[in-house]
Amino acid sequence: MEQRTPTLRNVAWLWFAISVAVLVVGFREAIFLVPTDAAQGDVGRIFYYHVPIAMWSLLFPYLNFAASLAYLYWRNRNPLKALTADAFALASAEVAVVYTSITLITGSIWGRAAWGIWWAWDARLTSLLLLWLLYVSYLMLRRFSSTGQTQTLAAVLSVFAAVDVPIVYMSIRWWRTQHPAPVFGGGPNSGMDPSMLPAFFWNLAGWGIWGIFILLFRFALERRRQLADQEAALQAIEASLEIPQ
Amino acid sequence: MTWHSFISMSTLESRHLLFAYATVLVIQVGYISRVAWQWHRTKSPRP
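Residues numbered from 1 in each chain as written. Chains lettered and ligands numbered in written order. Predicted model: local features only at pLDDT ≥ 70, side-chain atom pairs only at ≥ 80, totals over all residues. Heavy atoms only, no water.

**Comments concerning the interface of chain B and chain A**
With 27 residues of chain B in contact, the opposing surface of chain A contributes 39 residues. Between chain B and chain A, the buried area comes to about 3300 Å², and carbon and sulfur atoms account for 73% of it. Contact with chain A buries area across many residues of chain B, yet Gln28(B), Tyr31(B) and Trp39(B) alone supply 21% of it, more than any other trio. Our count for the chain B to chain A interface comes out at seven residue pairs in polar contact (both at pLDDT 80 or more). For the side of chain B that touches chain A, the elements supplying multiple residues, two or more each, are helix 1 (3–6) and helix 2 (12–41) of chain B. Its residues assigned to classes, the side of chain B that touches chain A shows 16 nonpolar, seven polar and four charged. (Contact = heavy atoms within 4.5 Å. Buried area = accessible area lost by both parts, 1.4 Å probe. Polar contact = N/O pair within 3.5 Å; in protein donor to acceptor, adjacent residues only side chain to side chain. Helix = DSSP H or I, 4+ residues; strand = E, 2+ residues; numbered from the N terminus. Nonpolar A, V, L, I, M, F, W, Y, C, P; charged D, E, K, R; others polar.)

**Side note on the confidence of the model for chain B**
Summing up the model confidence of chain B, the mean pLDDT is 86 and the portion of residues at 70 or higher is 94%. Both scores are given for the predicted complex: the pTM is 0.91, the ipTM 0.89. (pLDDT = per-residue confidence, 0-100.)

**Overview of helix 5 (residues 123–144) of chain A**
Given a rise of 1.5 Å per residue, 22 residues ought to cover 32 Å, and the 31 Å separating the end C-alpha atoms of helix 5 of chain A matches this to within 8%. Listed as buried for helix 5 of chain A are Arg124(A), Leu125(A), Ser127(A), Leu128(A), Leu131(A), Tyr135(A), Tyr138(A) and Arg142(A). (Expected span 1.5 Å × (residues − 1). Buried < 20%, exposed > 50% of the residue type's maximum accessible area, 1.4 Å probe, protein only.)

**Some words on the packing of aromatic side chains**
All names here are of chain A. By the definition in use, this model includes 21 aromatic pairs over all chains. Judged by centre distance (5.9 Å) and plane angle (35 degrees), the ring pair of Phe47 and Phe200 falls under tilted. One end of the pair, Phe47, is in helix 2 (residues 47–57); the other, Phe200, is in helix 8 (residues 197–242), and 153 residues separate them in sequence. With relative accessibility at 19%, the residue Phe47 sits in the buried group. The class of Phe200 is buried, set by a relative accessible area of 0%. Judged by centre distance (6.1 Å) and plane angle (40 degrees), the ring pair of Phe213 and Phe217 falls under tilted. Of this pair, Phe213 and Phe217 both sit in helix 8, separated by four residues, roughly a single helical turn. Judged by its relative accessible area of 11%, Phe213 falls in the buried class. The exposure class of Phe217 is buried, given its relative accessible area of 19%. (Phe/Tyr/Trp six-rings, centres within 6.5 Å; stacked < 30°, edge-to-face > 60°.)

**Focus: the side chain of Thr150(A)**
Residue and element names in this part refer to chain A. Among the structural elements, Thr150 can be located in helix 6 (residues 150–162). Residue class for Thr150 comes out buried when judged on its relative accessible area of 11%. A polar side-chain atom of Thr150 sits 3.0 Å from the main-chain carbonyl oxygen of Thr147. Those residues in contact with Thr150, other than ones at most four positions away along the chain, are Leu141, Arg142 and Ser145.

**Some details on a nonpolar patch on the surface**
All names here are of chain A. Nonpolar side chains collect at one region of the surface, where Val11, Trp15, Ile212 and Leu216 lie side by side and expose about 310 Å² of accessible area between them. The set of elements that each furnish at least two residues to the nonpolar patch consists of helix 1 (4–33) and helix 8. Looking at the secondary structure, you find Val11 in helix 1. (Patch = residues over 30% accessible without salt bridge, like charges linked within 9 Å, V, L, I, M, F, W, Y side chains within 5 Å. Areas by Shrake-Rupley, 256 points an atom, 1.4 Å probe, with all protein chains shown as cover. Salt bridge = Lys/Arg side-chain N within 4 Å of Asp/Glu carboxyl O.)

**Considering the nonpolar core**
Tyr49(A), Tyr99(A), Trp207(A), Trp210(A) and Ile214(A) are the most contacted members of the largest nonpolar core, which has 44 residues in total. At the level of secondary structure, the elements contributing two or more residues to this core comprise helix 1, helix 2, helix 4 (79–114) and helix 8 of chain A together with helix 2 of chain B. Element by element, the count of residues in this core is highest for helix 8 of chain A, at eleven residues. In contact with Tyr49(A), other than residues within four places in its own chain, are Gly26(A), Phe27(A), Ala30(A), Ile31(A), Asn203(A), Trp207(A), Tyr21(B) and Val24(B). (Core = buried A, V, L, I, M, F, W, Y, C linked by side-chain atoms within 4.5 Å.)

This is how it looks when you write it as structure tokens:
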């Protein structure tokens, strides 16, 4: 155990360095190397941040969903495994809120420049806002609920929240919306110019590696808290046993 | 595009690109800073 911690720390620092290096390459590609969009001008470069982060923002809710199901399965069978699953569920919900917030804000900034409005109540924007609200509610429930069933209630809420993810994904396929059509898998006219691909994929890789890094860091923090709480509880029990009756 | 035009606030296009990039940076760096700060505040249970 004593040898494992420095190794994990070195892996974490290496992962951090790789993610920053990939993001720097992605930044250079997106801002300086990719040709300016003929129709949108330089504001079109927001695409290289907005779209990769939006794509990853739909992964973290599924991780939260899977961890919540694992928690519900293990909570009476194996409480230690359930605690680990719960820590992972909390970490993935926070990262989902981080990525969804950036998607909503960068999309709104792009919309103001491209459409002349900050917001439109179309299917994609509304379903994504709903997803953000669901995960903010999840975090608020965990933060402020004082019942002994908080983790179970949060896990059940997570199962319902995950239902919104496929609706967000399919919204621009099921309904005609103001939001642009899908870039990939949207029919014969979808796809992007080959000159845009390096900038897009460097940023997709960079924000993915970064997202996994912050997810695991937040998970490690939650595990450290759980273990510290367990240790404090054991010390309190030991102290109470030493009090003369 | 150059560094000069990237940090320029002269047109709506360049302002919005800069704001979008600043949003990404502030939220991501802010979040990891908060996690790192809490990590240092939380005592490691190992001896």
